[in-house]
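Analysis of the macromolecular model
In case you want the letters, here they are:
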Amino acid sequence: MPTTTGMKGDGFYNAHSAPQRVALESALTKLEAAITELPNAWLDEPYFGILDIGSSEGANAIYAMNQLIQVLRRRLKTPIWAWFNDLPTNDFNQLFKNLFPTEGQALLGADVFPGVIGGSGFGRLVPPQTIHMATTFNAIAFLEQKPDAPLPNYVLPMGPGSAAPRSGVAVTNEEREPFRKQAQKDLYQFYAARAEEVVSGGQLLVQVFGRNKQYSTSFGIYDVLNDAVLDFVEDGQLPRQVFENLIFPIYFRTIEELVAPIENESQLGQVFRIEQTISEEIPVPFNQALEENGDVASWSKSYTGFLRAFTEAILDSALPENLDKPVMLNHIYERIEQRLTINPERYEFHYISIGALLTRL
């Protein structure tokens, strides 16, 4: 059972996913370069299959697909089957609107046929040996199942950042361990499913927000969410139990953790070859704008919208049913924006992107 219903819909995620686009573009260059080495035998096959896993509302996914299509068309005249996937609870209405606009066409060129698949990327999505390229951007950070384990003093298994965390806010190694194990299990299942779907010689590009020795992408951004919820607990507007039960089942991996199943599991190691790995800090558009113009209010607004796009669904599900949830959600995100404006240094955000380009043997 997936641990989130997806991103905030009705176009909101599309409008607040510029940092993800930057990370996607950087990782995508690795796969684009590899296209020049396509097996000649593929040029005569009846179709070429591409699968994007975790497409959300489609703006970034369609952009990535078009980048690949343009490079492929330099060598390939075969029809292209472009598959987009997300959870069944995703806002597919918006995805279809983006795929089939009222004017023009979403996917570039002739003989490109889109398809949409509802399902979890931690399991099989298409028939065996039908995909030549598969991509995923960020989706695998969300755990397939939430461990039956408490996190009573923080909302995320990674723990708070180092910028003077609030008193009593912490995650122990013992509390984090069940989430690490679940993330490890999920990643194995993800690779195993792609091993069944991708043809020999095919490629898999995996990119996800993560952490390095200095920063985790969770630092700052989940600290401000944690602080805002605690504000409402301390004000008596939310029960303490809401905070203790609120767990964002997301795991921020290192690059070593991302490739561990390929390097350490003999079965997967015999199926995939690691061509390249990625670990880099991504320039965040709203951070760059702040450096240029010093407009903290605008920065706080953009930062909050970015955060809300991928946290609202989980936060909504944790709120008591007797509350007016839309009103409370608005209050929490307003508090987040206020906190960011008052103390931007406390909630400094660094986007660490990790990834790997794999070839199916």
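This text goes with the structure placed above it.
So, here is what we can say about the structure in this document.

Cut-offs applied
- Residues numbered from 1 in each chain as written.
- Predicted model: local features only at pLDDT ≥ 70, side-chain atom pairs only at ≥ 80, totals over all residues.
- Heavy atoms only, no water.
- Helix = DSSP H or I, 4+ residues; strand = E, 2+ residues; numbered from the N terminus.
- Contact = heavy atoms within 4.5 Å.
- Expected span 1.5 Å × (residues − 1).
- Buried < 20%, exposed > 50% of the residue type's maximum accessible area, 1.4 Å probe, protein only.
- Arc of directions from axis to C-beta.
- Salt bridge = Lys/Arg side-chain N within 4 Å of Asp/Glu carboxyl O.

Structural notes on the environment of Phe252
Turning to its location among the elements, Phe252 is positioned in the loop between α7 (240–245) and α8 (255–264). A sequence separation of 36 residues divides Phe252 from Ser216, and the C-alpha atoms of the two residues are 7.0 Å apart. Sequence-distant contacts of Phe252, that is, excluding residues within four places in its chain, are made with Leu156, Met158, Phe209, Gly210, Arg211, Ser216, Thr217, Ser218, Tyr222 and Glu257.

Comments concerning helix α12 (residues 325–342)
Taking 1.5 Å per residue as the helical rise, α12 with its 18 residues ought to reach 26 Å, and the 26 Å between its terminal C-alpha atoms agrees with that figure. Buried within α12 are the following residues: Lys325, Met328, Leu329, Ile332, Tyr333, Arg335, Ile336 and Leu340. Looking down the long axis of α12, one finds its buried residues gathered within 150 degrees of arc, a one-sided arrangement. Within α12, the exposed residues directed more than 90 degrees away from the buried face are Pro326 and Ile342. Structurally, α12 contributes buried residues whose contacts are with α6 (221–234) and α11 (296–318).

What about the pattern of salt bridges?
Counted under the stated rule, the structure contains 16 salt bridges. Where Arg180 meets Glu177, a salt bridge forms, and the shortest distance between an N and an O atom there is 2.6 Å. Highlighted residues: Arg180 and Glu177, both in helix α5 (residues 173–197), separated by three residues, approximately one helical turn. Classification of Glu177 as partly exposed rests on a relative accessible area of 28%. Between Arg335 and Asp235 there is a salt bridge, and its shortest N-O distance comes to 3.7 Å. One end of the pair, Arg335, is in helix α12; the other, Asp235, is in the loop between α6 and α7, with 100 residues separating them in the sequence.

Notes on unusual backbone geometry
Positive phi is not limited to glycine here, since Ser56 has a value of about 55 degrees. A positive phi is found at Asp111, a non-glycine position, where the angle reads about 55 degrees. If you trace the backbone, Asp111 turns up in the loop between α4 (92–99) and β3 (112–118). Classification of Asp111 by relative accessible area gives partly exposed; the value is 40%.

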